[in-house]
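Structural overview
Chain by chain, the residues:
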Amino acid sequence: MSRNKIIVLSIICGLIILMLFLLLEIKPEIIVYYDNIEINDEINQEVFNDFDLPVIKCNFLNKDVSNEVVVTSNVNKDKLGKYEINYNLKKFIFNINKTITVNIVDNIKPIILLNGENEVHACSIQSYNEEGYSASDNYDGDLTDKVIIEKENDIIKYTVKDSSNNEKYITRKILTSDIEAPKIKLNGKEVVYVKLNEKYNDEGISVSDNCDTSISNISIENKVDYSKVGVYEIIYTAVDSSNNSSSIKRYIYVYDPNTGVNINGGKKGVIYLTFDDGPSTYTPKILDILSKYNIKATFFVTNNGKDSVIKREFDEGHTVALHTATHSYKKVYKSVDNYFKDLESVQNRVYKITGEKPMIIRFPGGSSNTISKNYSKGIMTILTSEVLLRGYHYFDWTSVIEDAGSCSSKKNEVEKENCIYKYFVKGLSKKRSNVVLMHDIKSYTANKLEDMINYAIKEGYTFEKITMETEQIHHKVNN
Ligand code: ZN
């Protein structure tokens, strides 16, 4: 090769190289900005947020040619995934491509909501009765089924992950303490009648507890003296393993079968004058005498007589108590329902007159009556416990003056008066309280009352009315 050729070739090569440099220098570049930041490869975008195409800049020979750039994009802002935005510019001899990846992502954690409190009482974490929960996610929606429950010590941990692996957990604290007392039920009856010098075989109690499967700490306080007439209590106490305790009582009536009367002693030397079946036309005279001696008595009223007399009994400080509305054995002892309907009828009467609903009652014929057998077998057994359960206190008597009994068949008023006086005197005892059964529907009772009171005062007795605090006198039930 000649020297000249070499020189020419060298020059051509030099020019080509220079051209290439020049071309590189003028080659346009597409610059992508997103949120004012230059992006070279990818954008992360939270799902559902509005997505606007990035801003581009592109110059060719100092001229803005960005509007000549062809943009293609398939981004769906509402669906997780990788998308591409392609940029293409054909200019002069250049064909320039640029691709940006857009990642539609979910970075937001799910939400868990607990039913019930975050701190709950339970016997143990295992026995805690799950109150429920719900989980939801901005993208996946309901995730309740995906919640994982772990129990450790006294904490229940609820964890859930969404499809993008965002994890959320919350906890519920179990306060493992037993704050509930055991539940006790008596086996057998609440009120038990036992003959003097016989013994009651304790039927015990049934106990259940919210936490303990069985309760062994049961104590029984039994001070019944079967050799002495009286009303006694057996007290059962159950204590659970957390020291919650509850008690229940059984009443034991030790009675003397010869008298058929349960006398617990009560207030010794006190007389409770009790008048049944009124009011009547004789009641005002009785009230006058009681008023004269400032004695308070107890009236077991019916639906008979005048409202104004009941009002006077009440206003003058006596106890207005209930006997039943009709006093009809065949009616009130036909059924438990009948009895209470009748009782409530007279109770409402008294309520309308006095504004108070008496809870002190006396059964027609007393709780020991046998006449009720003719109308319903066993009804007195049911009624005597049912009235107590409903909050009533019922009173029988320790002595009668026979004003509605044997004395009523005497020939004349004087004999009747003498008869009831004798029974009155005979029935009193200083060793116990005296609940004396009388009837304010009898003329001779009203006429002889002052003499009877004078006798009792002379003998040192005092008088009281029956209240809800007075110890109840119950006969032995015979039906
Ligand atoms: Zn009566």
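The structure this text deals with has already been given above.
Residues numbered from 1 in each chain as written. Predicted model: local features only at pLDDT ≥ 70, side-chain atom pairs only at ≥ 80, totals over all residues. Heavy atoms only, no water.

A separate point is the overall build of the protein chain. On a plain count of helices and strands, the protein chain comes out with eight helices and 29 strands. Relative to its length of 479 residues, the protein chain is extended, with a C-alpha radius of gyration of 50 Å against a globular reference of 23 Å. Overall, the C-alpha framework of the protein chain stretches about 180 × 50 × 40 Å when taken along its three principal axes. Residues classed as buried in the protein chain amount to 42% of the 479 residues present. Excluding contacts between residues fewer than 6 apart, the proportion of contacts in the protein chain whose partners are at least 24 apart in sequence is 66%. In the protein chain, 60 side chains carry a positive charge and 65 a negative one; their mean positions are 8 Å apart. (Helix = DSSP H or I, 4+ residues; strand = E, 2+ residues; numbered from the N terminus. Rg over C-alpha atoms; globule rule 2.2 N^0.38 Å. Buried < 20%, exposed > 50% of the residue type's maximum accessible area, 1.4 Å probe, protein only. Contact = heavy atoms within 4.5 Å. Lys, Arg positive; Asp, Glu negative; His and termini not counted. Charge placed at Lys NZ, Arg CZ, Asp CG, Glu CD.)

The next point concerns the sheet that holds strand β9 (residues 111-114). Within a sheet, each strand pairs with its neighbour through backbone hydrogen bonds, oriented either parallel or antiparallel. Taken together, the three strands give an open sheet; going across it, the order is β9-β11-β12, and neighbouring strands pair in antiparallel fashion. Here the strands that pair on one side only, and so sit at the sheet edges, are β9 and β12 (141-142). Looking at chain direction, β9 and strand β11 (residues 133-137) are connected through four bridges and run antiparallel. Bridge pairing in β11 places I111 opposite S136. (Pairing = 2+ DSSP bridges.)

Judged by side-chain polarity, I7, I11, L15, L18 and L22 come together as a nonpolar surface patch covering roughly 480 Å² of accessible area. With respect to the element layout, L15 can be found in helix α1 (residues 3-26). We classify L15 as partly exposed; its relative accessible area is 49%. (Patch = residues over 30% accessible without salt bridge, like charges linked within 9 Å, V, L, I, M, F, W, Y side chains within 5 Å. Areas by Shrake-Rupley, 256 points an atom, 1.4 Å probe, with all protein chains shown as cover. Salt bridge = Lys/Arg side-chain N within 4 Å of Asp/Glu carboxyl O.)

Here four strands make up an open sheet; going across it, the order is β17-β21-β20-β19 and the pairing mixed. Only two strands of the sheet have a single partner each, and these edge strands are β17 (191-195) and β19 (217-222). When strand polarity is set aside, the average angle formed by the axes of neighbouring strands in this sheet is 25°. Strand direction decides the pairing type here: strand β20 (residues 230-239) and strand β21 (residues 245-255), joined by ten bridges, are antiparallel. The residue of β21 that forms the bridge with I235 is K249. (Axes fitted to C-alpha atoms, helices over the stretch in contact; angles between N-to-C directions.)

The packing of two helices is summarised by the inter-axis angle and the distance between the axes. Put simply, helix α2 (residues 283-292) and helix α8 (residues 443-458) touch, their axes get as near as 9 Å, and they point 20° apart. Classified by the angle between their axes, α2 and α8 sit roughly parallel to one another. When you trace α2 past α8, the crossing you get is right-handed. Residues K285, I286, I289, L290 and K292 of α2 form the contact with α8, whose own contacting residues are A446, N447, L449, E450 and I453. (Parallel < 35°, antiparallel > 145°, perpendicular 65-115°, else oblique. Left-handed = near helix turned anticlockwise from the far one by under 90°.)

What follows deals with the coordination of the zinc ion. Every protein donor of the zinc ion is listed here as D277 (OD), H323 (NE2) and H327 (NE2), and their distances to the metal cover 2.1 to 2.2 Å. Linear spacing of the donor residues for the zinc ion on their chain is D-x45-H-x3-H. Under the relative-accessibility criterion, H323 is labelled buried at 1%. (Donors = N, O, S within 2.8 Å, 3.2 Å for Na, K, Ca; no water.)

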